[in-house]
Amino acid sequence: DTVSYEGQYSSRSGAIPHNEESELWIDVDVTAPGDISFFKFLSSEQDYDFLKFKINGTKVGEWSGEDVNWSFVCCRYNQK
């Protein structure tokens, strides 16, 4: 997308009809436990359409509604 919190890159879903979803996958080789963080700017129907963040298939964050500004998200990653 052309709008980002910082730098040149960001991602944005296209138009998503009711009862459909869009996915973005990023494969990262993480070698040690630590924090995974990003900035989000959300615009979705409150309590109905969700941005879900998963690590190894496990949901670690979920948001819906309208953000007024970019917000920082940080999730702890512990290798198993």
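Residues numbered from 1 in each chain as written. Predicted model: local features only at pLDDT ≥ 70, side-chain atom pairs only at ≥ 80, totals over all residues. Heavy atoms only, no water.

**Points about the confidence of the model for the protein**
Next, step 1: Taken residue by residue, the protein gives an average pLDDT of 87. The fraction at 70 or more is 98%.
Next, step 2: Per-element averaging of pLDDT across the protein places strand β4 (residues 71–77) at the bottom with 89 and strand β1 (residues 34–40) at the top with 91. (pLDDT = per-residue confidence, 0-100. Helix = DSSP H or I, 4+ residues; strand = E, 2+ residues; numbered from the N terminus.)

**A word on the nonpolar core**
Across soluble globular proteins, nonpolar side chains have a tendency to be buried as a group.
Next, step 1: In this structure, Leu42, Phe53, Ile55, Trp63, Val73, Cys75 and Tyr77 together form the largest nonpolar core, which totals seven residues.
Next, step 2: Only β2 (51–55) and β4 provide two or more residues apiece to this core.
Next, step 3: For this core, the element with the highest residue contribution is β4, accounting for three residues. (Core = buried A, V, L, I, M, F, W, Y, C linked by side-chain atoms within 4.5 Å. Buried < 20%, exposed > 50% of the residue type's maximum accessible area, 1.4 Å probe, protein only.)

**Things to note about a nonpolar patch on the surface**
Next, step 1: Residues Tyr5, Phe39 and Phe72 make up a contiguous nonpolar surface patch of roughly 320 Å² in combined accessible area.
Next, step 2: In this fold, Phe72 is placed in strand β4. (Patch = residues over 30% accessible without salt bridge, like charges linked within 9 Å, V, L, I, M, F, W, Y side chains within 5 Å. Areas by Shrake-Rupley, 256 points an atom, 1.4 Å probe, with all protein chains shown as cover. Salt bridge = Lys/Arg side-chain N within 4 Å of Asp/Glu carboxyl O.)

**As for the pattern of salt bridges**
Next, step 1: Within this structure, the stated rule accounts for three salt bridges.
Next, step 2: Taking the shortest distance from any N to any O, the salt bridge between Glu62 and Lys59 comes out at 3.0 Å.
Next, step 3: Look at Glu62 and you get partly exposed, because its relative accessible area is 35%.
Next, step 4: For Lys59, a relative accessible area of 43% puts it in the partly exposed group.

**Comments concerning unusual backbone geometry**
Next, step 1: Positive phi outside glycine occurs at Asn19, with the angle close to 60°.
Next, step 2: When you line up the elements, Asn19 lands in the segment before β1.
Next, step 3: Taking the relative accessible area as the measure of exposure, Asn19 reaches 71% and is therefore exposed.
Next, step 4: Even without being a glycine, Asn56 presents a positive backbone phi close to 55°.
Next, step 5: Among the secondary structure elements, Asn56 is positioned in the loop between β2 and β3 (58–63).
Next, step 6: Look at Asn56 and you get exposed, because its relative accessible area is 68%.

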